[in-house]
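# Tertiary structure, described
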Amino acid sequence: MAIQTTNPATNKLIKSFDEMTEAAVDKAVTNATTTFDQWKHTDYKVRSQLLNKVAGLMRAKKKDLANTITLEMGKLLVHAEGEIKLSAEIFDYYAKNAEDFLADKILNPVHGKALIRHSPVGVLLGIQPWNFPFYQVARFAAPNIMIGNTVLIKHASNVPQCAIAIEELFIEAGAPLGLYTNLLLSGQRATALVADPRIKGVSLTGSEAAGASVAAEAGKHIKKSVLELGGSDAFIILEDADIDQAVAWAVVGRINNNGQCCVASKRFIAVESIADQFLEKFKTKMAELVVGDPMEATTDLGPLCNEESAVKVADQVKRAVDGGAKILLGGKRVDRAGAYMEATILTNVLPANPVFYEEFFGPVALFFKVKNEQEAIVLANNSPFGLGGSVFTQDIERGKRIANQIDTGMVFINHPTWTQADLPFGGTKGSGYGRELAEVGIDEFVNKKLIRVSELSDPF
């Protein structure tokens, strides 16, 4: 895939970029390695001051950065501004809390004294997606820089200007050369880079195929990897739910980021006593969404990230219908320039349908009616993915019991799956492994070193 900015609202090419030469990549890895040898000895105050500066610059440049997001991948401008705000919060969160998270942990062995000390591991490679081009980078870079690691970022090929802008923020904040480096590379070359012995770990957010390729390469070279892959979150509506509130959140959960979110609500599962009521209201609200230019404040639903994605989602809908599904709403490309797809609701999607186990990365909702709570749980778990999920009920204890039975990394009660700096993020099954954000998100790429002090008389 060429490294270029193509505005998905018009499908017009804006700017192209040359890939880095092998010599330039080697120099970048060398710089990151050299800087690690220095950065690992800095104290937390120095590291936190840098991250605070990056966060401040993000806020100061919010409108320009948000415009770049919207231009490159089509996110609604108001949501792009929200992404910049969230990203700045993540940098500030780790600047404030990392020292406490990484403090020595005192142990109490039977003999002697012992502690666990958290040490950095070295140069890390982050392979990042286009759908949240600043947030995804922030949740990888912020904790690892605070640990004392250095980071190389291979960003998605359709958001090169976002990638360059993040590196420029670090430069302006005074980061040493090699602490944070953007690599203009293809995905294939990034995977091959995992083999470089100077790189000590890799984190990828992306497709299952990309994750499998990177994990295989990391495993081959005995390196730690963290994967955040696709999702097909269930959104369960029980008979005691506040239906109007559930509908409002269902629309947000499905249409956020124009439907292109790993933790978007994708499979809507309603118990039969309220299923028709929910579906009718959900259809009405989805039909009211205004499709338009993502730069315009009146737009509810913008384009997909590129024409290829729009073609793929439209083809999935066609294959779903060929397999027996019914279109309740939408189902077609929007008749205008750009990578647009109508807000769509599909029903009668059965396990034999070829799309039943696929992820729909666009504004397509799958609706299911079940008899009861237990059927809802079984259906929610009948997926190769295990990222997030939602349960809507006014009985919170009931919601917690159901959450315990859903095989995902996250379950939200009375809210679609979402993210914030102080909540861990990650999944199970085909959605990957490892966690980002919160305290647990700083534990992935550290050496948890045991230091034990023994008396000479202690037994062997």
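Criteria and thresholds
Residues numbered from 1 in each chain as written. Predicted model: local features only at pLDDT ≥ 70, side-chain atom pairs only at ≥ 80, totals over all residues. Heavy atoms only, no water. Pairing = 2+ DSSP bridges. Helix = DSSP H or I, 4+ residues; strand = E, 2+ residues; numbered from the N terminus. Contact = heavy atoms within 4.5 Å. Axes fitted to C-alpha atoms, helices over the stretch in contact; angles between N-to-C directions. Phe/Tyr/Trp six-rings, centres within 6.5 Å; stacked < 30°, edge-to-face > 60°. Buried < 20%, exposed > 50% of the residue type's maximum accessible area, 1.4 Å probe, protein only. 1 Å grid on protein atoms, 1.4 Å probe; cavity = no way out; pocket = protein on both sides within 12 Å on 5 of 7 lines; lining within 4 Å. Points joined across faces, edges and corners; volume = space filled by probe spheres on them. Nonpolar A, V, L, I, M, F, W, Y, C, P; charged D, E, K, R; others polar. pLDDT = per-residue confidence, 0-100. Core = buried A, V, L, I, M, F, W, Y, C linked by side-chain atoms within 4.5 Å.

## What about the sheet that holds strand β16 (residues 389-392)?
Strand order in this open sheet of seven strands is β12-β13-β14-β11-β10-β16-β17, and the pairing throughout is mixed. Every other strand in the sheet has two partners, leaving β12 (326-329) and β17 (412-413) as the edge strands with one partner each. Summarising the sheet, strand β11 (residues 265-271) and strand β14 (residues 364-370) pair through five bridges and their orientation is parallel. When the sheet's bridge partners are listed, Ile-269 is paired in β14 with Phe-368. Sheet strands touched by helix α12 (residues 373-381): β10 (233-237), β11 and β14. Its angle to β11, the strand with the most contacts, is close to 160°.

## Side note on the packing of aromatic side chains
This model, assessed by the stated rule, comprises 14 aromatic pairs. Judged by centre distance (5.1 Å) and plane angle (45°), the rings of Phe-235 and Phe-268 are tilted. Here Phe-235 is found in strand β10, whereas its partner Phe-268 is found in strand β11, with 33 residues between them in sequence. Phe-268 matches Phe-235 in its accessibility class, with the two residues each being buried. An aromatic cluster is present here, built from Phe-235, Phe-268, Phe-278, Phe-282, Phe-367 and Phe-392 joined pairwise through their rings.

## Here we look at the layout of surface pockets
Over the atoms a probe the size of a water molecule is rolled, and this reveals where empty space is left. The calculated volume of the largest pocket comes to roughly 1,100 Å³. Residue lining of the largest pocket: 35 residues in total, with Trp-130, Gly-206, Ser-207, Ala-210 and Lys-312 positioned closest to the centre. Elements that contribute at least two residues to the lining of the largest pocket include exactly α7 (187-193), β8 (199-205), α8 (208-220) and α11 (307-322). The greatest single-element share of the lining of the largest pocket, amounting to five residues, is contributed by α11. By residue class, the composition of the lining of the largest pocket is 14 nonpolar, 15 polar and six charged. Estimated volume of the second largest pocket: approximately 590 Å³. Looking at the lining of the second largest pocket, the elements with two or more residues in it are α4 (77-101) and α9 (243-255). The element best represented in the lining of the second largest pocket is α4, accounting for seven residues. The residue inventory of the lining of the second largest pocket, partitioned by class, reads 19 nonpolar, ten polar and five charged.

## A word on the confidence of the model for the protein chain
When pLDDT is low, close inspection of the predicted coordinates is not appropriate. Looking at the protein chain, pLDDT values average 98 and 100% of them are 70 or higher. Considering each helix and strand of the protein chain separately, the mean pLDDT is smallest for α7, with a value of 92, and largest for β10, with 99.

## Some remarks on the nonpolar core
Grouped together as the largest cluster of nonpolar side chains are 65 residues, with contacts concentrated most on Ile-90, Phe-91, Tyr-94, Phe-134 and Phe-170. Looking at this core, the elements that each hand over two or more residues are α2 (44-60), α3 (62-73), α4, α5 (135-147), β6 (150-154) and α6 (160-173). Among the elements that line this core, the one with the most residues is α4, at twelve residues. Among all residues touching Tyr-94, those that are not within four sequence positions of it are Phe-101, Ala-142, Pro-143, Met-146, Leu-437, Ala-438, Gly-441 and Ile-442.

## Comments concerning the sheet that holds β8
Strand order in the open sheet formed by six strands is β7-β6-β5-β8-β9-β19, and the pairing between neighbours is mixed. Strand pairing shows two members of the sheet lacking a second neighbour, β7 (180-183) and β19 (432-433), which therefore form its edges. Examined bridge by bridge, strand β5 (residues 123-127) and β8 share five bridges and lie parallel to one another. Among the inter-strand pairings, Leu-124 is bridged to a residue of β8, identified as Gly-201. Together, β5, β6, β7 and β8 form the strand contacts of helix α1 (residues 22-39), whose direction differs from that of β6 by roughly 155°. Packing against the sheet, α8 makes contact with β5, β8, β9 (224-228) and β19, and its axis sits at approximately 165° to β8.

## What about the environment of Leu-102?
By the element assignment, Leu-102 lies in the loop between α4 and β3 (105-107). On the basis of relative accessibility, which here comes to 4%, the residue Leu-102 falls in the buried class. Once the C-alpha coordinates of Leu-102 and Gly-82 are considered, the two residues, 20 residues apart in sequence, prove to be 29 Å apart. Excluding residues within four positions of it along the chain, Leu-102 makes contact with Tyr-44, His-118, Met-146, Ile-147, Ile-442 and Val-446.

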